[in-house]
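Residue strings, one per chain:
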Amino acid sequence: MAMPDPKPRMSHPTDRRGANPLISVILPCLDEEDVLAETLARLDRMALAQADCRFEFIFVDDGSRDRTAEILRQAAAGDDRVRVMRFARNFGQQIAVTAGIEMAAGDAVVLMDADLQDPPEVVARMVALWRDGFDVVYGTRSSRRADSLVKRATARMFYATINRLSEVPIPSDTGDFRLMSRQVVNVLRQMPERHRFIRGMVSWVGFRQTAIPYERPERFAGVTKYPLRKMVRFATDGILSFSIRPLQLSIALGMIAAGLALAGIAYALFMRIFTNTWVEGWTALMMAVLFMGGVQLLCLGILGEYVGRIYSEVKRRPLYVIAEKVGFDETPPG
Ligand code: UDP
Ligand code: MG
């Protein structure tokens, strides 16, 4: 993991960070009816404590089927900082965050889960570091006590793998909880890829990035929206969008298989010509056939993953479909 840079660059143009900056907080929501009232209250308290900043809260309803939309609409009606964007169906958290980023008008943009696992109070510390000149302030989990053993083990494996394979270092024990400067957000907005792994994309952008540790509590209410199936897809997306090393590994695997095949052929011919016997039987044959078949299918599968990604990329469909917008100004931010 890249060490956080302790010395911010003070020559950075900080004028927009000075008086009364606008902070956009983006919260993707999928079926969060049980937590939203508390989330809104905590956000309000956090904003009150930060009197020298203005806030907008952008809730992206990612195709919820419960009362999420209703609650958010009501909140927007009573509070002009609250903006709501409702997707026509579930597009996934990473896409929801992207939509929020595209609509955010803030001088700084904060990404936060809606379930209060990313405590709103941490935002004050993030804003302070941003004012010191940092462009990205990401939260790292000081402990993973709230996570299950399986989640901790798989997370460790995932970050070890992705950091071996990817050229961009991706800090472990971080989620999407982070503050980004306008500069970083403007670069992100120019990254149109469909399989989005936001925390990796932000690392890729660069600038001054630093970490702040925070204690990650359990989800306030409701259940996780990341079952194992979705988590595996998310991890695959992360690795495949940040590395073509799996393709190179399949070449290596192919070379090993071809080497073994050559050795086998040489052995069989040697036996036939010099000892006038055949290599015996079914076992050797099956081993060769099954091994080769396995290697071929594995390499084909890896190739297929990348081809599939190219396919969905070239279709150029919009990333998401918006069904409803509440509380946004008429003119979208430039
Ligand atoms: N989320 C979303 N769309 C999805 C899945 C999740 O908008 O398809 C939101 C969810 O409402 C929450 C955040 O993403 O605000 C993180 O999800 P969750 O807390 O369920 O994940 P976990 O913390 O268990 O990894
Ligand atoms: Mg959560």
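Computed from a prediction, not measured in an experiment: that's the story for all the values here.

This part is about the coordination of the magnesium ion (ligand 2). Here the magnesium ion (ligand 2) is held by the protein donor atoms D115 (OD) and Q117 (OE1), which lie 1.9 to 2.0 Å from it. You'll find D115 and Q117 in the same group, each marked buried.

Attention shifts here to the site of ligand 1. What surrounds ligand 1 is a group of 19 residues, the closest being E32, D62, D115, T224 and K225. Contact between ligand 1 and P28: an oxygen atom at 2.8 Å from a main-chain N or O atom of the residue. Within the side chain of N90, one N or O atom sits 3.2 Å away from an oxygen atom of ligand 1. Relative to its free-state accessible area of 530 Å², ligand 1 is covered by the protein chains to the extent of 94%. Residue classes in the shell around ligand 1 are distributed as five nonpolar, five polar and nine charged.

Let us now look at the environment of I273. Along the polypeptide, I273 turns up in helix 9 (residues 245-274). Using a relative accessible area of 58% as the deciding quantity, one classes I273 as exposed. For the pair formed by I273 and A99, sequence separation is 174 residues and the distance between their alpha carbons is 69 Å.

Buried together is how nonpolar side chains tend to be arranged in soluble globular proteins. Counting residues in hydrophobic clusters, the biggest one holds 44 residues, and the most contacted among them are I26, F87, I101, L111, M180 and L188. Top element by residues in this core is helix 3 (residues 93-103). It accounts for six residues. Aside from chain neighbours lying at most four places away, what touches L188 is I101, M180, R196, M201, V202 and V205. Counting 35 residues, the second-largest nonpolar core is a separate cluster that includes V122, V137, L179 and Y214.

What follows deals with the packing of aromatic side chains. If you walk through the whole model with that rule in mind, you get ten aromatic pairs. Seen in terms of ring centroids, F55 and F57 are 5.9 Å apart; in terms of plane orientation they differ by 20°. Their pairing is stacked. Given the relative accessible area of 6%, F55 is considered buried. Its relative accessible area of 2% is what places F57 among the buried residues. Pairing F177 with Y214 gives two aromatic rings, centres 5.2 Å apart and planes at 80°, and the pair type is edge-to-face. You can see F177 sitting in strand 6 (residues 174-181) and its partner Y214 sitting in strand 7 (residues 209-214), a full 37 residues away along the chain. Counting every residue linked through ring pairs, the aromatic cluster contains F158, Y159, F197, Y226, F234 and F242. One Lys or Arg, R89, reaches over the ring of F91 and ends 3.9 Å from the middle of that ring. One residue, K230, lies across the ring of Y226, its end atom 5.7 Å from the ring centre.

Parameters and conventions
- Residues numbered from 1 in each chain as written.
- Chains lettered and ligands numbered in written order.
- Predicted model: local features only at pLDDT ≥ 70, side-chain atom pairs only at ≥ 80, totals over all residues.
- Heavy atoms only, no water.
- Donors = N, O, S within 2.8 Å, 3.2 Å for Na, K, Ca; no water.
- Buried < 20%, exposed > 50% of the residue type's maximum accessible area, 1.4 Å probe, protein only.
- Near = heavy atom within 4 Å.
- Polar contact = N/O pair within 3.5 Å; in protein donor to acceptor, adjacent residues only side chain to side chain.
- Areas by Shrake-Rupley, 256 points an atom, 1.4 Å probe, with all protein chains shown as cover.
- Nonpolar A, V, L, I, M, F, W, Y, C, P; charged D, E, K, R; others polar.
- Helix = DSSP H or I, 4+ residues; strand = E, 2+ residues; numbered from the N terminus.
- Core = buried A, V, L, I, M, F, W, Y, C linked by side-chain atoms within 4.5 Å.
- Contact = heavy atoms within 4.5 Å.
- Phe/Tyr/Trp six-rings, centres within 6.5 Å; stacked < 30°, edge-to-face > 60°.
- Lys NZ or Arg CZ within 6 Å of the ring centre and 35° of its normal.

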